[in-house]
Amino acid sequence: MFEIVKRDGLARIGKFETRSGVLETPALLPVVNPKICTVTPKELYEEFGFKALITNSYIIKNTPDLKAKAQEVGLHKMLDFPGVIMTDSGTFQSHMYGEVEVTNEEMVEFQKSIGTDIGTVLDIFTEPYWTKEQTAESIEVTLERTQKACDMKGDMMINGVVQGSVYPDLREDCARKMAVMDVDVHPIGGVVPLMEQYRYLELVDVVMSSKKGLNPNRPVHLFGAGHPMVLALATLMGCDLFDSASYAKFARDDRMMFIDGTYRLQDMQSLDCNCPACRGLTLESLRKMGSKERMKVIARHNLYQITDELALVKRYVKEGRLWELAEMRCRAHPAMLDALRRLEEHQEFMERYDPISRDGAMFYTGSETRCRPVFRRYMSRIWDRYVPEMSKAALFYDEGSKPYSRALAADFDRVRRSGYTPVVVSPFGPVPAELDELYPIAQSLFPVIEDIETMLEAESSTVEFLEHKFSEVVKSQDVSDDGDQEYDADLIRAKAVSRYQFGIEATDALFKGKIELVVSRKTGKIRNVISDGEHVLSMRAGDGLYTLRKEGADRIVSAVPSPFMRVKVNDDAVPFVSEGRNAFCQFVTECDEGLKPMDEVIVTDKDDKVIATGRIMLVADEIRSFKKGIAVKVRSGSGDEA
Ligand code: GUN
Ligand code: ZN
């Protein structure tokens, strides 16, 4: 069973429950060659903290003494490893050396007999140079074998490998067919040659097309990916598990892994690594070591690089900044930069899972930052939901200080008194004054010296938007300073944020009758919206977005038909949720498909009666497929800010 604890982009920090314990993801499984054991499984567990490893059942089966031992005492005892053990099936050997002399059934049976936690189907490795026909035919065989493996698996978990060479449609189709089988983990296979040849651009299409077809409630394993350089990007794309044989293979021929690539010992100019394996060594002393000892040092160094980067990836996921780490890492090699740029093609899919807001500020790292879904989300929301209060626009340029309405207060007031809406051309595109405090506009940092691509894109999207939404557009300096029109900037903002967040219909219901705004005396920011005496919304100071109060939820439910903003739970959950406990996936019967992670939602019973409000943690298709985990973090009825 798999559960998401925290997310960012398509990345998830998850808990994967197995027979040998709960594995926190993302996790990397070092490959242990049972014949060699450069670093012992016990050391991997205790010293490096690897709670799972992968070994090869085909090698064990074909080595008589290992086979006998594994069948006699079981794999965990044989390897002396208390964590989770995954085994591969011989597919990789067929990729390396041609046909293997075993059947799928034999391999599944054998893996069961040695007590593997997660066994692998004998899938067919689809090479990147294969034709589409050849690939499609072999996928049929892999699918049949996977079905067979599921029928035979007993209490062993099964890896159902998604294949499809470099054909995105075949990948997605294969993934969809795997998704309905009783598979436990989905490795994405056939990608090792792509990584060896630095074909990261195609790797992005392969991973994303596979992800599109898969069931979100199972961990995804990127088979053969273990270089620290790719971990941030692969995690961002939603890969949960990785494995590395390279740490040991590279060590055998004196190659050291670093976050920016792999270096040959003979080419290195210095050994500037302070990991526990290298500490105290110089390049000279390492070169002079005996080959066996040196291999051990390098293998351990490589493992430390992997564990350090994985820990960093997890921290960035928790901080909601994984895009930033991935963008930085992708600058290590032009082929990785291509991968990052390619991700823009998949923005629409990624946007479905991108949280509506994050805790900290987002940093721009370069023009590729525009590939992030927050840009697309902002533009599409203002196109659909922005309604100008004043039909003429006065144009300003972003000069770096935010929020704009504070930095440009006097100028904004001048144009507003003349009947113009101030609109700033920002790197996100057009920002009407009343939207300047919401996420991500105010919570973002851009360099003062701007990239030409970003600015051109921002300008053209602004022009298009203004032509569509306003009757007249002028430069701010051309507006006279003698206007005397009255306006209520707070009320304009209060409504505009509501439309941006909840849409036009819901906003009409929330802002009915007499509106009073409670404004913070200290910061001047809106705190509460009171409509006809009812406190319907509270604005969060951090992201400038609202939390929805029960009174507001009642209004929306009366005005906008289900399933809009609703998460419906069954009768079993009603007593708990109405007391303020969280709503768990297994109790949800229906959910608005348009909701994004961290959106404000209304929890209702089967008769559409409001029982709570809160923030949704997963999107609709995830809630449907997960058997565990929080769907909605419920806010207690007392109405404080969440
Ligand atoms: N190891 C690396 N790639 C693969 C793959 O495609 N299938 C299997 N079973 N193992 C792999
Ligand atoms: Zn080191």
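Our subject in this report is the structure included herewith. Here the residue index of a chain counts from 1 through its sequence in written order. Just so you know, chain letters begin at A and ligand numbers begin at 1, following the order they were written in. For this predicted model, a pLDDT threshold of at least 70 governs which residues receive local features, and a threshold of 80 or more governs which side-chain atom pairs are given and counted, while totals over whole chains, interfaces and linings are taken from all residues. For side-chain calculations, the full set of non-hydrogen atoms in the structure is used, while hydrogens and water are omitted.

By volume, the largest pocket is sized at about 1300 Å³. A cavity here means a set of 1 Å grid points, computed over protein atoms only, where a 1.4 Å probe fits but cannot escape. A pocket is an open set with protein on both sides within 12 Å along at least 5 of 7 lines, and lining residues have an atom within 4 Å of a point. Every residue lining the largest pocket is counted, 49 residues in all, and those nearest its centre are Phe92, Val192, Ala245, Ser246 and Lys249. With six residues, helix H12 (residues 246-252) is the single largest residue contributor to the lining of the largest pocket. Any residue that is not Ala, Val, Leu, Ile, Met, Phe, Trp, Tyr, Cys, Pro, Asp, Glu, Lys or Arg is counted as polar, Gly included; the first ten are nonpolar and the last four charged. Tallied by class, the residues present in the lining of the largest pocket amount to 25 nonpolar, 15 polar and nine charged. For the second largest pocket, the calculated volume is near 700 Å³. In this text, helices come from DSSP runs of H or I with a minimum length of four residues, and strands from runs of E with a minimum of two, each type numbered from the N-terminal end. The biggest single contributor to the lining of the second largest pocket is strand S1 (residues 2-8), with six residues. Grid points are joined across faces, edges and corners, and a volume is the space filled by probe spheres set on the points.

What follows concerns the site of ligand 1. Proximity is defined per residue: if any heavy atom of the residue lies within 4 Å of a molecule or strand, that residue is considered near it. Taken together, the residues surrounding ligand 1 are Asp88, Ser89, Thr91, Phe92, Thr120, Asp123, Phe125, Gln163, Gly189, Gly190, Val192 and Phe223. A distance of 3.5 Å separates a nitrogen atom of ligand 1 from a polar side-chain atom of threonine 91. In protein, a polar contact requires one atom able to donate a hydrogen and another able to accept it; more generally it is a pair of N or O atoms within 3.5 Å, and residues adjacent in sequence count only if both atoms are side-chain atoms. Here an oxygen atom of ligand 1 and a backbone polar atom of glycine 190 are 2.8 Å apart. The way we define it, a molecule is inside a pocket or cavity when more than half of its atoms are within 2 Å of that pocket's grid points. A majority-of-atoms criterion places ligand 1 in the largest pocket. Grouping the amino acids of the shell around ligand 1 by side-chain chemistry returns four nonpolar, six polar and two charged.

It is worth spelling out the packing of helix H10 (residues 200-213) against helix H16 (residues 334-342) at this point. Axis definition: a line fitted to C-alpha atoms, limited for helices to the stretch in contact. Angles are taken between N-to-C directions and run from 0 to 180 degrees. Relative orientation of the contacting elements H10 and H16 amounts to 35 degrees, with a least axis distance of 7 Å. Viewed along their axes, H10 and H16 form a crossing whose handedness is right-handed. Judged by residue contacts, Tyr200, Leu201, Val204 and Asp205 of H10 engage Ala335, Met336, Asp338, Ala339 and Arg342 from H16. Classifying every residue of the contact of H10 with H16 gives six nonpolar, no polar and three charged. Rotating anticlockwise by less than a right angle from the far helix to the near helix defines a left-handed crossing, while the corresponding clockwise rotation defines a right-handed one. The contact definition used throughout considers only heavy atoms, calling two residues in contact when any of these lie within 4.5 Å.

With that settled, the discussion passes to the sheet that holds S1. In this analysis, strands are considered paired if DSSP registers two or more bridges between them. Strand order across the open sheet formed by three strands is S1-S2-S3, with antiparallel pairing between neighbours. The open sheet has two edge strands, S1 and strand S3 (21-25), and neither has a second partner. Across this sheet, the average inter-strand angle for adjacent strands is 15 degrees, counted without regard to direction. Bridging between strand S2 (residues 11-18) and S3 involves five bridges; their strand directions are antiparallel.

Attention now goes to the coordination of the zinc ion (ligand 2). Because water is not among the atoms used, a metal site may look incomplete, as its donors are only the N, O and S atoms within 2.8 Å, or 3.2 Å for Na, K and Ca. Taken together, the protein donors to the zinc ion (ligand 2) comprise Cys273 (SG), Cys275 (SG), Cys278 (SG) and His301 (ND1), at separations of 2.0 to 2.3 Å. Its four donor atoms give the zinc ion (ligand 2) angles of 102 to 118 degrees at the centre, a pattern that matches the tetrahedral case. All donor residues of the zinc ion (ligand 2) come from one chain, and their arrangement in sequence is C-x1-C-x2-C-x22-H. Within this pair, whereas cysteine 278 is found in the loop between strand S13 (261-264) and helix H13 (283-288), its partner histidine 301 is found in helix H14 (residues 291-319), the two being separated by 23 residues in sequence. Judged by relative accessible area, which is 1%, cysteine 278 ranks as buried. Under the classification used here, a metal with four donors is tetrahedral if each angle lies between 85 and 135 degrees, square planar if opposite donors are over 155 degrees apart and the others between 65 and 115, a six-donor metal meeting that same test is octahedral, and anything else is irregular. Burial classification: accessible surface area is computed with a 1.4 Å probe over protein chains only, and a residue below 20% of its type maximum counts as buried, one above 50% as exposed, and the rest as partly exposed.

With that settled, the discussion passes to the packing of aromatic side chains. Think of a pair of aromatic rings as described by two things: how far the centres are apart, and how the planes are tilted against each other in angle. Only Phe, Tyr and Trp rings are paired, with Trp represented by its six-membered ring, and only when their centres lie within 6.5 Å; those with planes under 30 degrees apart are stacked, over 60 edge-to-face, the remainder tilted. Summed over the entire model, instances satisfying the criterion amount to 19 aromatic pairs. Centroid distance phenylalanine 2 to phenylalanine 16: 6.2 Å. Interplanar angle 80 degrees. Geometry classified as edge-to-face. Taken as a pair, phenylalanine 2 in strand S1 and phenylalanine 16 in strand S2 lie far apart in primary sequence, 14 residues in all. Judged by relative accessible area, which is 2%, phenylalanine 16 ranks as buried. Taken together, the ring pairs in this structure connect Tyr364, Phe375, Tyr378, Phe428, Phe446 and Tyr500 into an aromatic cluster.

With that settled, the discussion passes to helix H21 (residues 452-469). A rise of 1.5 Å per residue sets the reference length of H21, with its 18 residues, at 26 Å; its end C-alpha atoms lie 26 Å apart and thus fit the reference within 8%. All of the buried residues in H21 are Thr454, Met455, Ala458, Ser461, Thr462, Phe465, Leu466 and Lys469. Angular distribution of buried residues about the axis of H21 spans 140 degrees; they occupy a single face of the element. The exposed set on the far side of H21, more than 90 degrees from its buried face, consists of Ile452, Leu456, Glu464, Glu467 and His468. Those residues of H21 that are buried are in contact with helix H18 (373-385), strand S15 (392-397), strand S16 (420-426), strand S17 (429-432) and strand S19 (472-475). An expected span of 1.5 Å times one less than the residue number is assigned to each helix. Of all possible arcs, the one meant is that of the directions from the helix axis to the C-beta atoms.

Attention now goes to the nonpolar core. Membership of the largest hydrophobic core comes to 104 residues, with the highest contact counts inside it found for Tyr200, Leu222, Met256, Leu322 and Leu343. It is H14 that provides the largest number of residues to this core, a total of eleven residues. In plain words, nonpolar cores are sets of buried Ala, Val, Leu, Ile, Met, Phe, Trp, Tyr and Cys residues tied together by side-chain atoms within 4.5 Å. Judged by nonpolar contacts, the second largest core, of 58 residues, contains Phe375, Val431, Ala458 and Tyr500.

Across the six residues that make up strand S22 (residues 534-539), a large majority, five, are buried. Inspection of the sheet shows strand S21 (residues 526-531) paired to S22 by four bridges, in the antiparallel sense. Within S22, the residue paired with asparagine 528 across the bridge is serine 538. The sheet contact formed by S22 and strand S23 (residues 546-548) spans three bridges and is antiparallel. Across the sheet, the residue bridging to leucine 537 is leucine 548, located in S23.

Right, let's get into the sheet that holds strand S20 (residues 515-519). Spatially, the four strands line up as an open sheet ordered S20-S21-S22-S23, and their pairing is antiparallel. Strand pairing shows two members of the sheet lacking a second neighbour, S20 and S23, which therefore form its edges. Sheet twist, expressed as the mean angle between neighbouring strand axes with direction ignored, is 25 degrees. Bridge count between S20 and S21: five bridges; the pairing is antiparallel. Across the sheet, residue valine 519 finds its bridge partner in S21, namely isoleucine 526. The strands touched by helix H24 (residues 550-559) within the sheet are S21, S22 and S23, with S22 carrying the most contacts at an inclination of about 105 degrees.

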